[in-house]
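# Structural characterization, general
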Amino acid sequence: ETMEGQGHSQRAISLDALNEDVLSLIFAHATEENAGGAISTYRAMCNTSIVNSSLHRLLRPLKSVHAKDAALALISRRCREPESGGPEEASGDLAGLLNLSHRRLGTFECRLLALALANGQLSTVSSIWLQDNAISAQGLRWLARGLRALPRVRRGPLSVALGGNPFVRELRDPSVALALNKLVA
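Owing to the predicted nature of the structure, the values given are computational and were not obtained by experimental measurement.

### Here we look at the overall build of the protein chain
The secondary structure content of the protein chain amounts to seven helices and five strands. From first element to last, N terminus to C terminus, the protein chain shows the α and β order β-β-α-α-α-β-α-β-α-β-α-α. The 185 residues of the protein chain split such that 34% are buried. Partitioning the contacts of the protein chain with sequence separation of at least 6, the portion at a separation of at least 24 is 68%. When the accessible area of the protein chain is evaluated, it comes to approximately 11100 Å², of which 53% is carbon and sulfur surface.

Printed below as a string of structure tokens:
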């Protein structure tokens, strides 16, 4: 099948004809222009995969790989100050801190954080700061899943600071209370 456009004849490509390498390149190129990196690439894949069942099926194996890269990108922002370009790595008392406060993180990033928790990527972290983000009840549920899936070999307790997020204003909602109880349990 061919398509006519601007005096050129082009052959139409079926989605099924695209392989994983081509799809990865398409998403990497599309997100490079926005300087979003692994997180933007994974977000674009997630958004694209809901368009139709064919794209969902094609992107499923890629999303798995890119989810891990995006989770790693999120947690590697360790202790940098949000807008001021602060220290890249924690030192001294802050060595076990993952500071993700004031980053406009929402449900999507909570899913990535849950993946990092479940995969043991935060084994040296003792405190996660998530204050003043955009974490809703849905994001809270994802965090609870990640905490429940922590590897058993983890050393020491893990504290999570969540003040100043939208779910706090919704505490009277039963679903938010349930998510918070799951997080505490």
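From this point, the discussion proceeds with the structure in view.
### As for the packing of aromatic side chains
One pass over the structure, following the stated rule, counts one aromatic pair. Measuring from centroid to centroid gives 5.5 Å for Tyr42 and Phe108, while their planes differ by 35°, and the two rings are tilted. With Tyr42 in helix H2 (residues 37-49) and Phe108 in helix H4 (residues 107-118), the pair connects residues that are 66 residues apart, well separated along the chain. Just as Tyr42 is buried, Phe108 falls in that class too. Here Arg145 stacks its cationic end above the ring of Trp142, 4.4 Å away from the centre of that ring.

### Some details on the packing of H4 against helix H5 (residues 137-148)
Working note: a packed helix pair is described by the angle between its axes plus the distance between those axes. Running from N to C, H4 and H5 cross one another at 5°; their axes reach a closest spacing of 8 Å. Classified by the angle their axes make, H4 and H5 are roughly parallel. On the side of H4, the interface is formed by Thr107, Cys110, Arg111, Leu113, Ala114, Leu117 and Ala118, while H5 contributes Gln138, Gly139, Trp142, Leu143, Gly146 and Leu147. Looking at the contact of H4 with H5, its residues break down into eight nonpolar, four polar and one charged.

### A word on the environment of Gly164
Mapping Gly164 onto the fold places it in the loop between strand E5 (159-161) and helix H6 (166-169). Gly164 sits 30 residues away from Ala134 along the chain, and the two C-alpha atoms are 8.6 Å apart. Ignoring any residue separated from it by four or fewer positions in sequence, one finds Gly164 in contact with Asp132 and Asn133.

### Side note on the sheet that holds strand E4 (residues 127-129)
Pairing within the open sheet is parallel, and its three strands lie in the order E3-E4-E5. Strands at the two margins of the open sheet, each flanked by one partner only, are strand E3 (97-99) and E5. Taking the axes of each pair of neighbouring strands and ignoring which way they run, one obtains an average angle of 10° across the sheet. Looking at chain direction, E4 and E5 are connected through three bridges and run parallel. Directly across from Ile128, in E5, lies its bridge partner Val160.

### What to know about H4
Over its 12 residues, H4 runs 16 Å from end to end, which matches the ideal 16 Å to within 8%, given 1.5 Å per residue. Within the sequence span of H4, burial applies to Phe108, Glu109, Cys110, Leu112, Leu113, Ala114, Ala116 and Leu117. One or two steps after H4, the chain reaches Gly120, where phi turns positive at roughly 75°.

### Overview of the environment of Ala95
Mapped onto the elements, Ala95 comes out in the loop between helix H3 (53-75) and E3. Once the C-alpha coordinates of Ala95 and Ser126 are considered, the two residues, 31 residues apart in sequence, prove to be 8.7 Å apart.

### So, the side chain of Asn99
Tracing the backbone through its elements, the reader meets Asn99 in strand E3. Under the relative-accessibility criterion, Asn99 is labelled buried at 8%. At 3.0 Å, the side chain of Asn99 forms a polar contact with the backbone nitrogen of Ser101.

Rules and cut-offs
Residues numbered from 1 in each chain as written. Predicted model: local features only at pLDDT ≥ 70, side-chain atom pairs only at ≥ 80, totals over all residues. Heavy atoms only, no water. Helix = DSSP H or I, 4+ residues; strand = E, 2+ residues; numbered from the N terminus. Buried < 20%, exposed > 50% of the residue type's maximum accessible area, 1.4 Å probe, protein only. Contact = heavy atoms within 4.5 Å. Areas by Shrake-Rupley, 256 points an atom, 1.4 Å probe, with all protein chains shown as cover. Phe/Tyr/Trp six-rings, centres within 6.5 Å; stacked < 30°, edge-to-face > 60°. Lys NZ or Arg CZ within 6 Å of the ring centre and 35° of its normal. Axes fitted to C-alpha atoms, helices over the stretch in contact; angles between N-to-C directions. Parallel < 35°, antiparallel > 145°, perpendicular 65-115°, else oblique. Nonpolar A, V, L, I, M, F, W, Y, C, P; charged D, E, K, R; others polar. Pairing = 2+ DSSP bridges. Expected span 1.5 Å × (residues − 1). Polar contact = N/O pair within 3.5 Å; in protein donor to acceptor, adjacent residues only side chain to side chain.

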